Amino acid sequence: MAGVADLRVDHIDRPLGLENRRPRFSWTIASEGRDLRQAAYRVQVAVDDAALADGDWLWDSGRVVSSRSLDVVYNGPELTSRQRCVWRVSIWLDFGGEPTKSAASWFEMGLLSTDDWIAAWIAAPTPEGDDGKTPLPAALMRRRFEAAAPVAAARLYVTALGAYEISLNDRRVGDARLAPESTDFRRRGLYQVYDVTDLVGPGETLIGALLGDGWYGSAFGWKNERGVFGAPPNRLRAQLELTYADGSRETISTDEAWRTAPSAIVSSEIYDGEVYDARREVAGWADVAFDDSDWAPVVLPETLDLPLAAQVSPPIRPTETLRAKAVTETDPGVFVFDFGQNFAGWARLHAQGSAGTTIKLRFAEILAEDGRISVENLRGAKATDTFILAGTGGPETFEPRFTYHGFRYVEVTGFPGTPSPDALEGVAAHSDCAMTGSLDIADPMLAQVWRNSVWSQRSNLFGVPTDCPQRDERLGWMGDAQVFWDAASYTMDVDAFTRRFLGDVRVAQRRTGGFPDVTPYELRWDGSPGWADAGVILPWTLYRKYADTGVIDENWDAMERWLAWIGANNPDHIWRNKRGVDYGDWLAVDAVKPGDPTSPKDLIGTAFWAYDAALMAEMAAATGRTEEAARYTALRETIRKAFVDEFVRADGGVGNDSQTSHVLGLRFGLVPEPLRAASVERLAADIAKRGGKLSTGFLGTPYILDALADNGREDVAIGLLLQTEFPSWGYMVSKGATSMWERWNGDTGDVSMNSFNHYAYGAITGFLYRRLAGIAAAAPGFDVVEVRPIDDARIDHGGGRYVSAKGPIATAWRRAPDGRFSLDITLPPNTTGRLVLPARSGQALFEDGQPFAGAVAREGGRLNAEIGSGAWRFEVR
């Protein structure tokens with residue numbers, strides 16, 4: 001029996017604070033039956049459960065004959081601020097049968113107008129003589145109120161210029177860390193919405209807040225300067241909206257009635273760490289009975305009219321606790337904890353001692369040869385947390401609130417006595433996007449490469465997609481994100497996270513049309529090829545993985561302006577002009593300096609321009625923009641011809657014959673078909689000349705394996721994957737890497753730019769899913785799943801699991817020594833499987849021991865067949 005499950009709105013389960021007035025509904029069909037496909041659906045939306053049951057619908061799609069279960073657009077009356085809607089979907093699996101109804105779900109709108117905000121920005125008074133350059137203690141803030149009647153619903157809307165935690169009657173609201181996260185606070189801020197109905201009862205209630213520096217108040221960027229996004233002080237803005245049982249409303253908001261005092265957090269900065277003096281703790285401060293008569297009134301500083309957007313993407317949360325693998329005393333009283341894994345987050349300290357005992361934690365990714373921590377690659381980031389004991393006579397625990405670090409090792413000094421391994425715990429944290437993918441990889445080294453990629457993704461999804469989690473940078477570099485996003489969207493559900501980030505990208509777009517290279521951070525230069533193109537590539541990636549056309553509509557105008565800007569500056573369709581910083585194939589193996597032109601930079605730019613145009617044509621067609629689809633198709637063809645005339649030779653040479661020149665030309669479909677074989681052979685020959693090694697950097701590496709495998713050189717692709725000498729992914733593993741390195745030569749590279757937790761080279765995880773697991777989206781949203789496992793004797797089995805927008809997909813394949821090939825596969829309803837399986841001459845396709853009943857075609861050493869949903873077992877023999 002099939003059921004309807006996983007109801008989502010804008011790919012989010014029950015979003016609270018939605019601001020999209022035309023949200024999109026999706027669902028999955030829960031069944032392991034074979035060949036199940038939805039015949040029709042009906043979506044019904046109402047204002048509450050009773051109206052939904054009674055047929056008093058706000059919108060009824062009617063019975064729609066379609067297999068669509070993703071991206072169904074709401075088409076009812078315009079949604080308004082705070083509006084809560086319930087909805088359900090009915091599906092038909094055959095045209096004449098009875099429908100299957102889902103359980104009801106809901107979504108709730110946020111504050112859609114600036115007029116909805118009545119709360120003031122409040123701050124702690126600035127100490128006399130403060131110059132705004134010194135970290136100040138995090139502020140405690142509080143206010144009492146009493147509900148006038150029984151409460152039916154309560155919503156708390158909160159934001160800050162800084163970072164906050166908030167509570168009601170000393171009960172923490174939500175579990176987000178470092179809210180409201182990183183944005184360019186001059187242009188856009190995020191607010192969070194909480195359902196606090198259960199926290200507001202009869203009698204007095206105390207709203208308490210803790211306000212630290214966060215990204216607004218901390219030093220930020222390469223100059224490590226405070227005030228990048230605005231002047232101090234840190235500010236809080238909150239309003240608690242109560243709906244009483246009689247239908248009346250009341251709002252309690254931040255205003256001059258709040259009171260404030262310094263907290264025990266002496267300082268808190270993103271790069272430098274947190275200082276906590278437990279002797280300064282104010283016991284009971286968040287309790288309603290606490291006497292705050294000696295606290296200072298808050299001030300209402302003048303604040304710019306900052307546009308606010310609700311955050312419905314997953315917040316930053318702790319997701320895993322790590323135990324120390326080893327503790328070493330490197331010097332008297334100096335202890336180094338090794339957690340065995342490089343990750344992002346912080347440490348939780350347990351200690352007992354006298355009042356004033358000062359314990360320092362210094363964080364590092366690597367050790368020096370003498371076993372001490374090495375922090376040279378952190379540059380200006382102090383990455384140090386300090387805990388001063390209160391001396392309670394019992395155990396005390398310290399866990400920072402408003403900082404994070406990238407580390408494997410923690411140096412502990414000042415600890416009373418000798419710490420046990422349990423004295424320090426590692427807390428891994430990141431934007432809590434659901435994990436959606438896993439792989440079964442035959443080769444242990446390659447399996448570690450995949451795990452390294454996953455850990456680097458976890459470490460760098462921190463509100464925005466950062467480049468690194470440890471040094472004085474941690475910026476939303478667009479180039480890193482675009483090359484990695486195919487991989488990222490296999491490992492995690494990144495739809496809502498990406499759409500939140502793209503909101504930052506749009507407000508950072510220059511008036512001329514140029515996308516930024518990094519956001520949120522203002523770099524006053526033109527967008528660079530392969531970096532700024534993320535403004536097109538990220539929306540397209542969401543469309544392909546989740547069949548999300550909403551992200552196309554949200555970003556369409558911005559994407560058009562980007563393409564128009566490139567075209568206006570390059571009338572001959574070679575991207576010669578306005579290439580910004582022009583990083584090129586960043587950190588390529590042959591480069592002396594990171595951005596050296598190891599591949600022609602105009603070739604790289606033109607290739608990405610053509611790629612952008614192709615993606616725009618596809619997205620235009622997907623959203624009914626017929627004229628635009630034709631226009632971008634023509635533009636792409638014009639750029640392709642210009643690329644061929646400028647860079648492709650009659651003998652198959654491309655550009656300067658660098659690996660990246662060939663890779664981009666092949667992968668982006670720019671090399672003419674008659675010359676593709678010659679181009680790939682030149683690529684393979686260069687790899688062979690280098691001893692089976694690559695020479696690519698940030699822009700060539702993500703595409704090199706596909707460029708080879710899709711053009712008949714799977715053997716060379718697997719050779720690169722299995723390589724363990726420098727430069728290779730295996731080399732990193734051989735040197736003990738537990739996350740991806742920024743540089744191929746991370747062990748010897750320039751310490752001033754040498755992150756050991758950088759996901760860019762982990763982009764090949766996408767290839768591992770497509771060609772080792774055999775899970776590829778041959779149509780948007782995995783409506784068609786291509787299963788084309790790699791055919792190489794060095795890899796004798798593989799598989800994986802991916803929770804797609806249609807439901808879980810699972811594969812497991814094995815190649816026997818006698819040449820037989822077996823495949824177990826499970827596909828969710830509403831999908832089609834396209835099997836492309838390796839076969840020797842004379843072999844045939846069997847299903848459950850019998851000749852496969854469907855059509856089978858033989859093409860180029862593979863058997864092609866098509867299947868529907870369900871669990872299948874195949875053998876080629």
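Structural notes, computed from the coordinates. (Residues numbered from 1 in each chain as written. Predicted model: local features only at pLDDT ≥ 70, side-chain atom pairs only at ≥ 80, totals over all residues. Heavy atoms only, no water.)

**Side note on the overall build of the protein chain**
How we decide: Numbering goes from the N terminus for both helices and strands, where a helix is a DSSP run of H or I of at least four residues and a strand is a run of E of at least two. For every residue, the accessible area obtained with a 1.4 Å probe (protein chains only) is divided by the maximum for its type, and the residue is called buried under 20%, exposed over 50%, and partly exposed between those limits. The contact criterion used throughout is that any non-hydrogen atoms of two residues lie within 4.5 Å. Per-residue accessibility takes into account occlusion by the displayed protein chains alone, with areas from the Shrake-Rupley method and a 1.4 Å probe. This count recognises Lys and Arg as positive and Asp and Glu as negative, with His and chain-terminal groups excluded. For charged residues, the charge sits on one atom: NZ in Lys, CZ in Arg, CG in Asp, CD in Glu.
Within the protein chain, the regular secondary structure consists of 15 helices and 46 strands. Structurally, the protein chain occupies a C-alpha span of about 90 × 75 × 55 Å along its principal axes. Counting over 877 residues, the protein chain shows a buried share of 61%. Of the contacts formed within the protein chain by residues at least 6 apart in sequence, a portion of 75% connects residues at least 24 apart. When the accessible surface of the protein chain is summed, it comes to about 31500 Å², and 48% of that surface belongs to carbon and sulfur atoms. Distance between charge centres in the protein chain, computed from 92 positive and 120 negative side chains, equals 3 Å.

**With respect to the layout of surface pockets**
The gaps left among the atoms become clear once a water-sized probe is rolled over them. The line we're drawing: Within this scheme a cavity is a closed region of a 1 Å grid, computed over the protein atoms alone, that accommodates a 1.4 Å probe without allowing it to escape, whereas a pocket is open but has protein on both sides within 12 Å along at least five of seven lines; lining residues each have an atom within 4 Å of a point. Grid points are joined across faces, edges and corners, and a volume is the space filled by probe spheres set on the points. Three residue categories are used. Nonpolar comprises Ala, Val, Leu, Ile, Met, Phe, Trp, Tyr, Cys and Pro, charged comprises Asp, Glu, Lys and Arg, and polar comprises the others, including Gly.
The volume enclosed by the largest pocket comes to roughly 870 Å³. As for the largest pocket, its lining consists of 33 residues, of which D486, W540, Y611, R667 and R770 are closest to the centre. Of all the elements in the fold, those that place two or more residues in the lining of the largest pocket are helix 4 (478–491), helix 6 (534–546), helix 8 (601–622), helix 12 (701–709), helix 15 (765–773) and strand 36 (776–777). For the lining of the largest pocket, the element with the highest residue contribution is helix 6, accounting for five residues. Considering only residue class, the lining of the largest pocket consists of 17 nonpolar, four polar and 12 charged. Of the pockets and cavities examined, the second largest pocket occupies roughly 750 Å³. Contributing to the lining of the second largest pocket are 30 residues, with V312, S313, P314, P315 and R317 lying nearest its centre. Within the residue set of the lining of the second largest pocket, elements represented by two or more residues are strand 14 (189–195) and helix 5 (495–508). It is strand 14 that contributes the most residues to the lining of the second largest pocket, four residues altogether.

**Describing the sheet that holds strand 13 (residues 171–172)**
For clarity, the threshold we go by: Criterion used throughout: strands pair if DSSP finds at least two bridges between them.
The antiparallel open sheet is built from six strands, whose spatial order is 13-12-15-10-18-21. This sheet does not close on itself; its edge strands, each paired only once, are strand 13 and strand 21 (296–297). Pairing of strand 12 (residues 163–168) with strand 13 involves two bridges; the strand directions are antiparallel. By the bridge assignment, L168 is partnered in strand 13 with R171.

**Things to note about a negative patch on the surface**
What counts is decided by this rule: Note on patches: the residues involved have over 30% relative accessible area and no salt bridge, like charges join within 9 Å, and the nonpolar side chains Val, Leu, Ile, Met, Phe, Trp and Tyr join within 5 Å. Counted as salt bridges are all cases of a side-chain nitrogen of Lys or Arg within 4 Å of a carboxyl oxygen of Asp or Glu.
Judged by side-chain charge, D48, D49, D54 and D56 come together as a negatively charged surface patch. With respect to the helices and strands, D54 occurs in helix 1 (residues 49–54).

**Digging into the sheet that holds strand 1 (residues 3–9)**
If you walk across this open sheet you meet the three strands as 1-3-6, and the pairing is antiparallel. Of all strands in the sheet, those bounded by a partner on one side alone are strand 1 and strand 6 (72–73). The pairing of strand 1 with strand 3 (residues 24–30) spans five bridges and is classified as antiparallel. Of the residues in strand 3, the one forming a bridge with G3 is A30.

**Digging into the side chain of D526**
To keep it simple, the criterion reads: Polar contacts, as counted here, are pairs of nitrogen or oxygen atoms within 3.5 Å of one another; within protein the pair requires one atom able to donate a hydrogen and one able to accept it, and residues that are adjacent in sequence qualify only if both atoms are side-chain atoms.
Structurally, D526 can be placed in the loop between helix 5 and helix 6. With relative accessibility at 18%, the residue D526 sits in the buried group. Engagement of the side chain of D526 in a polar contact is seen with the side chain of R510, the distance being 3.2 Å. Apart from residues no more than four positions distant in its own chain, D526 is found in contact with R510, D517, W565, K578, G580 and V581.

**Some thoughts on the packing of helix 7 (residues 550–569) against helix 8**
Packed helices, taken two at a time, are described by the angle between their axes plus the distance between the axes. Rules: In this analysis, axes come from line fits to C-alpha atoms, helices being fitted only over the stretch in contact, and the angle between any two N-to-C directions falls in the range 0 to 180 degrees. It is the rotation of the near helix from the far one that decides the hand of a crossing: anticlockwise by less than a right angle makes it left-handed, clockwise makes it right-handed.
Where helix 7 contacts helix 8, the axes come no closer than 11 Å and their chain directions differ by 145°. At the point where helix 7 passes helix 8, the crossing takes the left-handed sense. Side by side, helix 7 and helix 8 meet where I552, W556, M559, E560, W562, L563, I566 and G567 of the first sit next to W609, D612, A613, M616, M619, A620 and A622 of the second. Considered class by class, the residues forming the contact of helix 7 with helix 8 number 12 nonpolar, one polar and two charged.

**Some remarks on the environment of S69**
With respect to the secondary-structure elements, S69 resides in the loop between strand 5 (59–60) and strand 6. On the basis of relative accessibility, which here comes to 2%, the residue S69 falls in the buried class. Taking the C-alpha atoms as reference, S69 lies 9.7 Å from V89; in sequence the two are 20 residues apart. The residues touching S69, leaving out its near neighbours within four places in the chain, are F25, S26, W27, Q38, K806 and N830. Of note is the side chain of S69, whose polar atom sits 3.3 Å from the side chain of N830.

**Describing empty space enclosed by the protein**
Taken as a whole and judged by the stated rule, the model has one cavity of 30 Å³ or more. As a volume, the largest cavity reaches approximately 40 Å³. Lining the largest cavity, in full, are Y164, E165, I166, R172, V173, G174, D175, A176, A179 and Y194. Looking at the lining of the largest cavity element by element, the count peaks at three residues for strand 12. Taken together, the residues of the lining of the largest cavity sort by class into six nonpolar, one polar and three charged.

**Re the side chain of S105**
Considering the arrangement of structural elements, one finds S105 in strand 9 (residues 105–109). Other than its neighbours up to four places away in sequence, S105 contacts L7, R14, C85, V86 and W87.

**Describing helix 6**
Short version of the rule: In this scheme, a helix's expected span is set at 1.5 Å multiplied by one less than its residue total.
The end-to-end C-alpha distance of helix 6, which contains 13 residues, comes to 17 Å, matching closely the 18 Å that a straight helix rising 1.5 Å per residue would cover. Immediately beyond the C-terminal end of helix 6, within one or two residues, lies A547, with a positive phi of roughly 55°.

**Thoughts on the packing of aromatic side chains**
Which entries qualify depends on this criterion: Aromatic rings from Phe, Tyr and Trp, taking only the six-membered ring of Trp, are treated as a pair when their centres fall within 6.5 Å; an angle between ring planes under 30 degrees marks them as stacked, one over 60 as edge-to-face, and anything in between as tilted. Any Lys NZ or Arg CZ that is within 6 Å of a ring centre and within 35 degrees of that ring's normal is treated as a charge sitting over the ring.
Applying the stated rule across the entire model yields 51 aromatic pairs. Judged by centre distance (3.8 Å) and plane angle (10°), the rings of Y404 and F462 are stacked. Here the residue Y404 occupies a position in the loop between strand 30 (396–398) and strand 31 (405–413), and F462 occupies one in strand 34 (residues 461–462), the gap between them amounting to 58 residues. Taking relative accessible area as the criterion, F462 reaches 1% and is therefore assigned buried. Seen in terms of ring centroids, Y583 and W586 are 5.6 Å apart; in terms of plane orientation they differ by 90°. Their pairing is edge-to-face. A relative accessible area of 6% places Y583 in the buried class. Clustering of aromatic rings is evident, with ring pairs tying together F185, Y216, F220, F229, Y271 and Y521. The cationic tip of R63 hangs over the ring face of W92; the distance from NZ or CZ to the ring centre is 4.6 Å. Above the ring of W295, the side-chain terminus of R142 is found at 6.0 Å from the ring centroid.

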